[in-house]
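# Structural description and commentary
Letter by letter, the chains look like this.
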Amino acid sequence: MHSDAMLKLLNRQVDLEIFSSNQYRQMSAWCEMKGLLGCAAFLKAQAEEELDHMRKLWDFINETSGPARMGALEAPKADFESVIEVFESGLAHEKKVTAAINEMVELALSEKDYATFNFLQWYVTEQVEEEALFQTILERMHLIGAEDRGLYFIDQEITQMRSQLDSKG
Ligand code: FEO
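Notes on the structure follow. A quick note: this is a predicted structure, and the numbers were derived from the prediction, not measured.

Looking only at helices and strands, the protein features five helices and zero strands. For the protein, the α and β elements follow one another from N to C terminus as α-α-α-α-α. A compact globule built from 169 residues would reach a C-alpha radius of gyration of about 15 Å, and the protein, at 17 Å, matches this within 12%. Expressed along its principal axes, the backbone C-alpha trace of the protein runs to roughly 55 × 30 × 25 Å. Within the protein, buried positions represent 44% of all 169 residues. Within the protein, residue pairs in contact and separated by at least 24 positions form 78% of the contacts whose partners lie at least 6 positions apart. Carbon and sulfur atoms make up 53% of the accessible area of the protein, which amounts to about 9200 Å² in all. Separation of charge centres in the protein, based on 16 positive and 30 negative side chains, amounts to 1 Å.

Let's shift gears to the pattern of salt bridges. Overall, the coordinates contain seven salt bridges when judged by the stated rule. The shortest N-O distance in the salt bridge between Lys 44 and Glu 32 comes to 3.9 Å. Highlighted residues: Lys 44 in helix H2 (residues 37-63) and Glu 32 in helix H1 (residues 4-33), separated in sequence by twelve residues. Residue classification places Lys 44 among the partly exposed residues on the basis of a relative accessible area of 37%. Between Arg 162 and Glu 49 there is a salt bridge, with the nearest N and O atoms lying 2.9 Å from each other.

Now for the packing of helix H3 (residues 83-110) against helix H4 (residues 114-144). At their nearest, the axes of H3 and H4 sit 9 Å apart, and the two run at 160° to each other. Taken together, the axis directions place H3 and H4 in an arrangement best described as roughly antiparallel. The handedness of the crossing between H3 and H4 comes out as left-handed.

About the criteria used
Residues numbered from 1 in each chain as written. Predicted model: local features only at pLDDT ≥ 70, side-chain atom pairs only at ≥ 80, totals over all residues. Heavy atoms only, no water. Helix = DSSP H or I, 4+ residues; strand = E, 2+ residues; numbered from the N terminus. Rg over C-alpha atoms; globule rule 2.2 N^0.38 Å. Buried < 20%, exposed > 50% of the residue type's maximum accessible area, 1.4 Å probe, protein only. Contact = heavy atoms within 4.5 Å. Areas by Shrake-Rupley, 256 points an atom, 1.4 Å probe, with all protein chains shown as cover. Lys, Arg positive; Asp, Glu negative; His and termini not counted. Charge placed at Lys NZ, Arg CZ, Asp CG, Glu CD. Salt bridge = Lys/Arg side-chain N within 4 Å of Asp/Glu carboxyl O. Axes fitted to C-alpha atoms, helices over the stretch in contact; angles between N-to-C directions. Parallel < 35°, antiparallel > 145°, perpendicular 65-115°, else oblique. Left-handed = near helix turned anticlockwise from the far one by under 90°.

Following this line, the structure appears as structure tokens:
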């Protein structure tokens, strides 16, 4: 059984994961319109992963105190100046998600809610990976150059990164 404060944060995280999914799907549409099909596919897969993050939370909330509740969501950002801005926004967003997860971990510990603390460890690890992934992509973009022909190579690079991630499972 969770405290009201914990339940509120868990439900807030449900919304944040759905928003993340919407944001990445919206970003993927921008990339698709620019002909960056590798980036678009990467972001679409990312959008699906975010729904998995939401589903795990949803089940956990209902299996424990429940009920899981969805709130209102803001529209995701749809217009970008460049593909670098897309991925910079992605990294900034992941940092926000990490902060939200950390807030839940701190509350779980302070309330001695060890079931939630234990459940959240998966998200702590996942956030390290997600931030590192966006950071690596941005480093490669700066290395290759995100203009003219560089864009083509970046798109290829991101396609490769995605298939490596998919093969890891
Ligand atoms: Fe579910 Fe990208 O954090």
